[in-house]
Amino acid sequence: SIRRRSPRDWRDYVVLHLMAHYGLRPCEVAALRLDGVDWQAATLTVDQRKTRSTLVLPLAAQTLELLRRYLEVGRADSDLPQLFLRIRSPIRAMNHHGIIEIFQYRAGQSGLPLAGVSSYSLRHAFAMRLLRRGVGIKAIGDLLGHRSLEATCA
């Protein structure tokens, strides 16, 4: 329900889209880089800091279009390599706290009864959607960057 009228709206919409549709952690979203988007191959390189591994995700056409639009109207003009930047001066890369704040702000604006919900709820919802579609626990764990099946099963 984000209107996408301002640069902040576009940034927030794309951040939440990536978290909800790809199961990314806030720290992974904050670490995304411009050169991590391969437009030709339609992939996104994600640095999974928690597991110290790299994940290359296929991007849906809708996600590619959202990223293009965000870069056109939502991202501040900057030479910084990070994909998501602060809107206010000084312009610099967002950190994971800023990504969490985006979720909290937009959840509050939604009017939905979301007490006790965190940005990780998007990650868990992503995993549950995959599970309901018949994706195996091991594959889900690999996508989420889990080291053990126990972490995924939880």
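Up top you'll find the structure we're talking about.
Okay, so let's go over this structure. Keep in mind the model is a prediction, meaning the values are calculated, not measured.

Things to note about the packing of helix 1 (residues 7-22) against helix 5 (residues 120-132)
Argument step 1. Close contact between helix 1 and helix 5 brings their axes to 6 Å; oriented N to C, the two are set at 40 degrees. As far as their axial angle goes, helix 5 and helix 1 are oblique. Counting all contacts with helix 1, which are made through Leu16, Met19, Ala20, His21 and Tyr22, the residues of helix 5 involved are Leu122, Arg123, Phe126 and Arg129.
Argument step 2. For the contact of helix 1 with helix 5, the residue count by class is six nonpolar, one polar and two charged.

Focus on the environment of Asp9
Argument step 1. One can find Asp9 in helix 1.
Argument step 2. With relative accessibility at 14%, the residue Asp9 sits in the buried group.
Argument step 3. Residues contacting Asp9, with those up to four places away along its chain left out, are Ile2, Arg4 and Arg106.

Some thoughts on the packing of aromatic side chains
Argument step 1. One pass over the structure, following the stated rule, counts one aromatic pair.
Argument step 2. Measuring from ring centre to ring centre gives 5.2 Å for Tyr70 and Phe84, while their planes differ by 40 degrees; the resulting arrangement is tilted. A residue pair is termed long-range when its members are at least 10 positions apart, and Tyr70 in helix 3 (residues 61-74) and Phe84 in the loop between helix 3 and helix 4 (96-110) qualify at 14 residues.
Argument step 3. For Tyr70, a relative accessible area of 1% gives the class buried.
Argument step 4. Classification of Phe84 as buried rests on a relative accessible area of 0%.

Here we look at the side chain of Ser119
Argument step 1. Counting through the fold element by element, Ser119 comes out in the loop between helix 4 and helix 5.
Argument step 2. What makes Ser119 buried here is its relative accessible area of 4%.
Argument step 3. Ignoring any residue separated from it by four or fewer positions in sequence, one finds Ser119 in contact with Met19, Pro26, Ile100 and Phe103.

Quick notes on the sheet that holds strand 3 (residues 53-58)
Two orientations exist for strands paired in a sheet by backbone hydrogen bonds: parallel and antiparallel.
Argument step 1. The sheet built from three strands is open, its strands ordered 1-2-3 with antiparallel pairing. Each having just a single partner strand, strand 1 (37-38) and strand 3 make up the two edges of the open sheet.
Argument step 2. Where strand 2 (residues 43-48) meets strand 3, six bridges bridge the pair, whose relative direction is antiparallel. Residue pairing for strand 3: Val46 is matched across the bridge by Leu55.

Reading the values: rules and limits
Residues numbered from 1 in each chain as written. Predicted model: local features only at pLDDT ≥ 70, side-chain atom pairs only at ≥ 80, totals over all residues. Heavy atoms only, no water. Axes fitted to C-alpha atoms, helices over the stretch in contact; angles between N-to-C directions. Helix = DSSP H or I, 4+ residues; strand = E, 2+ residues; numbered from the N terminus. Parallel < 35°, antiparallel > 145°, perpendicular 65-115°, else oblique. Contact = heavy atoms within 4.5 Å. Nonpolar A, V, L, I, M, F, W, Y, C, P; charged D, E, K, R; others polar. Buried < 20%, exposed > 50% of the residue type's maximum accessible area, 1.4 Å probe, protein only. Phe/Tyr/Trp six-rings, centres within 6.5 Å; stacked < 30°, edge-to-face > 60°. Pairing = 2+ DSSP bridges.

Shape is all these values report; function is a separate question.
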